[in-house]
Amino acid sequence: MTDSRMRVVVNDEEQYSVWWSDREPPAGWAATGFEGTRQECLDHIETVWTDMRPSSARGRNR
């Protein structure tokens, strides 16, 4: 599976993951348009997911 094509997916809370490119994302997740190897997808996620908090938790003072 290391050579399988993967895609980057994101949920409504702006949390990212990788998913197989030949399968529909699971419910609640959408493809971002980025595809590549698993490592390429993980590298992409590292550059775009700069705040790990769910979007509903961002901006709240604690």
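Here is what the cut-offs are and how they apply
Residues numbered from 1 in each chain as written. Predicted model: local features only at pLDDT ≥ 70, side-chain atom pairs only at ≥ 80, totals over all residues. Heavy atoms only, no water. Helix = DSSP H or I, 4+ residues; strand = E, 2+ residues; numbered from the N terminus. Contact = heavy atoms within 4.5 Å. Phe/Tyr/Trp six-rings, centres within 6.5 Å; stacked < 30°, edge-to-face > 60°. Buried < 20%, exposed > 50% of the residue type's maximum accessible area, 1.4 Å probe, protein only. Pairing = 2+ DSSP bridges. Axes fitted to C-alpha atoms, helices over the stretch in contact; angles between N-to-C directions.

## Overview of the environment of Pro 25
Okay, so step 1: Summarising the element assignment, Pro 25 is placed in the loop between strand 2 (16-20) and strand 3 (29-36).
Okay, so step 2: For the pair formed by Pro 25 and Val 9, sequence separation is 16 residues and the distance between their alpha carbons is 7.2 Å.
Okay, so step 3: Among residues more than four places away in sequence, those in contact with Pro 25 are Arg 7, Val 9, Trp 19, Ala 30 and Ala 31.

## Let's talk about the packing of aromatic side chains
Okay, so step 1: Counted according to the given criterion, the structure contains two aromatic pairs.
Okay, so step 2: Pairing Tyr 16 with Trp 49 gives two aromatic rings, centres 5.8 Å apart and planes at 50 degrees, and the pair type is tilted. Linking Tyr 16 in strand 2 with Trp 49 in the segment after helix 1 (38-48), this pair joins segments that are 33 residues apart in sequence.
Okay, so step 3: Given the relative accessible area of 23%, Tyr 16 is considered partly exposed.

## Things to note about the sheet that holds strand 3
Okay, so step 1: The antiparallel open sheet is built from three strands, whose spatial order is 2-1-3. Each edge of the open sheet is held by one strand with a lone partner, namely strand 2 and strand 3. The mean inter-strand angle of the sheet, taken between neighbouring strand axes irrespective of direction, is 35 degrees.
Okay, so step 2: With five bridges connecting them, strand 1 (residues 6-11) and strand 2 associate as antiparallel partners. In the strand pairing of strand 2, Arg 7 is matched with Trp 19.
Okay, so step 3: Seen against the sheet, helix 1 touches strand 1, strand 2 and strand 3 and runs at an angle of roughly 115 degrees to strand 3.

Taken by themselves, the reported measurements are silent on function.
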